[in-house]
Amino acid sequence: MALTFSAYLFQEREKVSWLNDEAILLLGEIASATKEIAGKVRKAGLLGILGSAGKFNVQGEEVQKLDELANEILIESLKNCGKACQITSEEVEECLVVSESGYAVAFDPLDGSSNIDVNVSIGTIFSVHKDSVMKRGRELLAAGYVIYGPSTMLVVSLGNGVSAFTLDPESGNYLLSHPEVKLPEKGKIYSINEANREKWLSKGLREFIDYLKGEKYTLRYVGSMVADVHRTLFKGGIFIYPADKKNTSGKLRLLYEASPMAFLVEQAGGLASTGEADILDVVPSELHQRVPVILGSKWEVNKCLEFIKGEA
Ligand code: P6P
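Residues numbered from 1 in each chain as written. Predicted model: local features only at pLDDT ≥ 70, side-chain atom pairs only at ≥ 80, totals over all residues. Heavy atoms only, no water.

J.: What is the right way to read the overall build of the chain from this model?
T.: If you tally the helices and strands in the chain, you get 8 helices and 15 strands. Taken over the C-alpha atoms alone, the chain extends approximately 50 × 45 × 40 Å along its principal axes. The buried share of the chain, reckoned over its 312 residues, is 56%. For the chain, restricting intrachain contacts to residue pairs at least 6 apart in sequence, the fraction spanning at least 24 positions comes to 63%. Measuring between centres, the 34 positive side-chain charges of the chain sit 5 Å from its 42 negative side-chain charges. (Helix = DSSP H or I, 4+ residues; strand = E, 2+ residues; numbered from the N terminus. Buried < 20%, exposed > 50% of the residue type's maximum accessible area, 1.4 Å probe, protein only. Contact = heavy atoms within 4.5 Å. Lys, Arg positive; Asp, Glu negative; His and termini not counted. Charge placed at Lys NZ, Arg CZ, Asp CG, Glu CD.)

Written out as structure tokens, the structure is:
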């Protein structure tokens, strides 16, 4: 039988210096919280937990009932395991400070919630820093996501490559299904919400997208970052959420969307940029700050940056 996530963590202790019993307990708790979330997502329509919770979050976005439930499950798990010193959630305005030192966890409990009611893949994104969440992504200890899709998959990096696990409905275990995820050098897919084309702040970006069309690339856009990044990680190509006239710093949040995904993409051999700097080099200034996101295969990201900088 394939390695369970817990067995994988114990095996990785030999290679990952910071991975001690406390870290293993924390990561195990995050994984088990996502299993509980997966269970709720799978039968949301039967539990009367679809639709809006009738409130708006710090982002000004309408909170879905499942957002709230996923948030509660993760916060409860992290508090119970007692290893998180800080808990930052997309759904909570302030950082929950539990203690002075330990593991600082940031997460988007349910990313892509506009897709919940139409049964399209959504996900949970998480990152783990030592002591404080307000650090560059370059200093992350671990990052990962769970995609609630046709199968539930946990994709994680402890800083030594990317591994993916598939939730086995029979045993209830995350089983190692992709030991080493490597992003293709070049793909044939681009992923961006072209409805916003005329709002993009970069003319070079419009020229880049037109160039890709000339190169016969195809467009795939789910509207759930987890789904679009998962496809990019496995198939190659490029995912972009740029700055535009409505979201002048981009729409995606640095600490619990852009940074963890950038960590995974770089660990898998790809690139992740704001258009001006590597996402992992951005020094956070605000808990819920947003950044533009350009990530994926090296060839496409570098080509995109050439167009944006007017060097193409
Ligand atoms: P748009 C979902 O609401 C989300 O935060 C990300 O998961 C996704 O990539 C993005 O917003 C989609 O935004 O403006 O294209 O609908």
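Here the narrative resumes.
J.: Please explain the sheet that holds strand 15 (residues 293-296) as it appears in this structure.
T.: Strand-to-strand pairing in sheets goes through backbone hydrogen bonds, with the strands running parallel or antiparallel. Taken in spatial order, the 5 strands line up as 12-11-13-15-14 in an open sheet, and their pairing is mixed. Edge positions in the open sheet fall to strand 12 (218-219) and strand 14 (271-273), since each of these has one partner strand only. By the bridge criterion, 2 bridges tie strand 11 (residues 189-191) to strand 12 in an arrangement that is parallel. Residue pairing in the sheet places Y190 in a bridge with L219 of strand 12. Strand contacts of helix 5 (residues 203-214): strand 11 and strand 13 (238-241), with the helix running at about 150 degrees to strand 13, the strand carrying the most contacts. Packing against the sheet, helix 8 (residues 298-308) makes contact with strand 13, strand 14 and strand 15, and its axis sits at approximately 145 degrees to strand 15. (Pairing = 2+ DSSP bridges. Axes fitted to C-alpha atoms, helices over the stretch in contact; angles between N-to-C directions.)

J.: I keep staring at the side chain of S202 and nothing clicks. Help me out?
T.: When you line up the elements, S202 lands in the loop between strand 11 and helix 5. At 3.2 Å, the side chain of S202 and the backbone nitrogen of G204 are in polar contact. (Polar contact = N/O pair within 3.5 Å; in protein donor to acceptor, adjacent residues only side chain to side chain.)

J.: Is there a simple way to think about the pairing of strand 3 (residues 84-89) in this case?
T.: Successive side chains on a regular strand alternate, one facing one side of the sheet and the next facing the other. The buried count for strand 3 comes to 6 of 6 residues, which makes it a mostly enclosed element. With 5 bridges connecting them, strand 3 and strand 5 (residues 103-111) associate as parallel partners. Within the sheet, the bridge partner assigned to A84 lies in strand 5 and is Y103. Note that strand 3 and strand 4 (residues 96-97) share 2 bridges and pair antiparallel. Each residue of the ladder has a partner; that of Q86, found in strand 4, is V97. Where strand 3 folds back onto strand 4 in an antiparallel hairpin, the turn is made up of 6 residues.

J.: Before we go on, may I ask you to explain the site of the ligand in this structure?
T.: Neighbouring the ligand are 13 residues; D111, N193, Y221, M225 and Y241 lie closest to it. At 2.9 Å, a side-chain N or O of N193 approaches an oxygen atom of the ligand. Contact with the protein chains covers 83% of the free accessible surface of the ligand, which is 400 Å². Taken together, the residues of the shell around the ligand sort by class into 5 nonpolar, 4 polar and 4 charged. (Near = heavy atom within 4 Å. Areas by Shrake-Rupley, 256 points an atom, 1.4 Å probe, with all protein chains shown as cover. Nonpolar A, V, L, I, M, F, W, Y, C, P; charged D, E, K, R; others polar.)

J.: Sorry, what's going on with the packing of helix 6 (residues 225-235) against helix 7 (residues 254-267) here?
T.: Think of two packed helices as two axes; the pair is described by the angle between the axes and how far apart they sit. The interhelical angle for the contact between helix 6 and helix 7, taken along N-to-C directions, is 15 degrees, at an axis separation of 11 Å. The orientation of helix 6 with respect to helix 7, classified from their angle, is roughly parallel. As helix 6 runs across helix 7, the sense of the crossing is right-handed. In this structure, helix 6 contributes M225, V226, V229 and L233 to the contact, and helix 7 contributes E257, A258, M261, L264 and V265. (Parallel < 35°, antiparallel > 145°, perpendicular 65-115°, else oblique. Left-handed = near helix turned anticlockwise from the far one by under 90°.)

J.: Which parts of the structure should I look at to understand the nonpolar core?
T.: A general tendency of soluble globular proteins is for nonpolar side chains to be buried together. Counting 47 residues, the largest nonpolar core has F5, W18, L26, L27, L110, V128 and L158 as its most contacted members. No other element matches the 10 residues that helix 2 (residues 21-42) contributes to this core. Listed in part, the 41 residues of the second largest apolar core include F239, L254, L264 and V282. (Core = buried A, V, L, I, M, F, W, Y, C linked by side-chain atoms within 4.5 Å.)

J.: Looking at this structure, how should I read helix 2?
T.: Every α-helical turn comprises 3.6 residues, leaving residues that sit three or four positions apart pointing alike. The first and last C-alpha atoms of helix 2 sit 31 Å apart over 22 residues, in line with the 32 Å expected at 1.5 Å per residue. Those residues of helix 2 that sit buried are A23, I24, L26, L27, I30, A31, A33, T34, I37, A38 and V41. (Expected span 1.5 Å × (residues − 1).)

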